[in-house]
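Working through the structure, step by step
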Amino acid sequence: MSSMYLSKLIDDRNRPLWESLNAAFTIDIELSDNDEYSCFNINKNSTIYVVPHDLSPESFTHELLHLYLRLKETYIGAAFTMMVKDSKTLTKIFSDPLLDHVGNCLDHIKMFQIYDGLGFEPTKFIMDFDKIKCTSSDLKLLKQNYRKRGHYSCEAVDFYIGKYIAIQADFNDAIDYDYCLSEMKRLDPSLFGLLERFIIAWEDFDIESDDIIASSYHLILNDLYEDLKKWLSKKVFV
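Let me begin by describing the structure that accompanies this report. Just so we're clear, the structure is a prediction, and the values are computed from it rather than from any experiment. (Residues numbered from 1 in each chain as written. Predicted model: local features only at pLDDT ≥ 70, side-chain atom pairs only at ≥ 80, totals over all residues. Heavy atoms only, no water.)

1. Considerations on the packing of aromatic side chains
- Across all of its chains, the model carries 17 aromatic pairs by this definition.
- Relative to Phe125, the ring of Phe112 lies with its centre 5.2 Å away and its plane at 80 degrees, an arrangement referred to as edge-to-face. Highlighted residues: Phe112 in helix H5 (residues 96-117) and Phe125 in the loop between H5 and helix H6 (136-145), separated in sequence by 13 residues. Both residues of the pair, Phe112 and Phe125, count as buried. (Phe/Tyr/Trp six-rings, centres within 6.5 Å; stacked < 30°, edge-to-face > 60°. Helix = DSSP H or I, 4+ residues; strand = E, 2+ residues; numbered from the N terminus. Buried < 20%, exposed > 50% of the residue type's maximum accessible area, 1.4 Å probe, protein only.)

2. A word on the layout of surface pockets
- If you add up the space inside the largest pocket, you get close to 1,200 Å³.
- Forming the walls of the largest pocket are 42 residues, and the residues nearest its centre are His62, Glu63, His66, Asn104 and His108.
- Counting residues per element, the ones that place at least two in the lining of the largest pocket are strand S2 (38-42), helix H3 (57-71), helix H4 (76-85) and H5.
- Broken down by element, the residue count for the lining of the largest pocket peaks at 8 residues, all from H5.
- Taken together, the residues of the lining of the largest pocket sort by class into 15 nonpolar, 15 polar and 12 charged. (1 Å grid on protein atoms, 1.4 Å probe; cavity = no way out; pocket = protein on both sides within 12 Å on 5 of 7 lines; lining within 4 Å. Points joined across faces, edges and corners; volume = space filled by probe spheres on them. Nonpolar A, V, L, I, M, F, W, Y, C, P; charged D, E, K, R; others polar.)

3. A short note on the nonpolar core
- With 76 residues, the main nonpolar core has Phe60, Phe94, Leu191 and Trp231 as its most contacted residues.
- Looking at this core, the element that brings in the most residues is H5, giving 9 residues.
- If we skip the residues at most four places from it in the chain, Phe94 touches Phe80, Val84, Leu99, Asp158, Ile161 and Leu228. (Core = buried A, V, L, I, M, F, W, Y, C linked by side-chain atoms within 4.5 Å. Contact = heavy atoms within 4.5 Å.)

4. Description of the sheet that holds strand S3 (residues 45-50)
- Read from one edge of the open sheet, 3 strands run S1-S3-S2, paired in mixed fashion. Looking at the sheet topology across the chains shown, the edges are occupied by strand S1 (26-31) and S2. Within the sheet, the average angular offset between the axes of one strand and its neighbour, ignoring direction, is 20 degrees.
- In this sheet, S3 lies alongside S1 in parallel orientation, the contact comprising 6 bridges. Residue Glu30 lies in a different strand from S3, and its bridge partner there is Tyr49.
- Contacting S1, S2 and S3, H3 crosses the sheet at an angle of about 160 degrees to S3. (Pairing = 2+ DSSP bridges. Axes fitted to C-alpha atoms, helices over the stretch in contact; angles between N-to-C directions.)

5. Details of the sheet that holds strand S4 (residues 147-148)
- Taken in spatial order, the 3 strands line up as S4-S5-S6 in an open sheet, and their pairing is mixed. Pairing within the sheet leaves two strands with one partner each, and these edge strands are S4 and strand S6 (236-237).
- Bridge count for S4 against strand S5 (residues 151-152) is 2 bridges, and the pairing is antiparallel. By the bridge assignment for S5, Lys148 is matched with His151.

6. Thoughts on H5
- Between its first and last C-alpha, H5 extends 32 Å over 22 residues, near the 32 Å set by a 1.5 Å rise per residue.
- Along its length, H5 reaches its greatest deviation from straightness, about 35 degrees, at Met111.
- Looking one or two residues beyond H5, the residue adopting positive phi is Gly119, at roughly 95 degrees. (Expected span 1.5 Å × (residues − 1). Bend = angle between axes of the 7 residues up to and from the residue.)

7. Here we look at the environment of Lys163
- Within the secondary structure layout, Lys163 lies in helix H7 (residues 154-168).
- For Lys163, a relative accessible area of 16% translates into the label buried.
- When the C-alpha atoms of Lys163 and Leu181 are compared, they prove to be 9.6 Å apart, with 18 residues separating the residues in sequence.
- Among the polar contacts listed, one links the side chain of Lys163 to the side chain of Asp138, at a separation of 3.1 Å. (Polar contact = N/O pair within 3.5 Å; in protein donor to acceptor, adjacent residues only side chain to side chain.)

What follows is the structure, given as structure tokens:
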């Protein structure tokens, strides 16, 4: 890519990040063919796709931060997917789209604090920043389908988890999710509680720590696995 493009993607805010990543990875910048920024990684090689008519330092930094998590050897999305795929029980309530969604949201929870600290505009962190992640229609759908005659709907539980995680990865302070969260807690206090514990543990996790034990996100995932197994053990699904 020409230096003209790169000069519009890098400024004083993200230059140190770019330089540190460029020293650790071979980074290629390519033009996107779907009008979306994205990042594709294999080992130490990374390709960041950018939108030529919207050369945004914010969007470029978003992709750099996904790569930064790889620099810190934090692959919680992949580890989460492997944990679910290795369990016949957990695959009942985690569809492939939900696994991708959870992994992306977990990345975003760690990325946003760094992004915000660099001085970037929060509203430009993601394309759907202003979208409400849990609506009254979503709640109505959950209540109607979550459990019938003592049987839980796999699809509804999948939907519940997706909505909870999306809310926790929404950094738009103008959107109030208190009612939505209270209704989700009322609908299933146990599932709500274990998801809440997981997110709090992940928020508290220090990706900068050199302590091998303290910096193992696998411990957090193991606690989630045990909690989910216990929650699932006495449930009947349809």
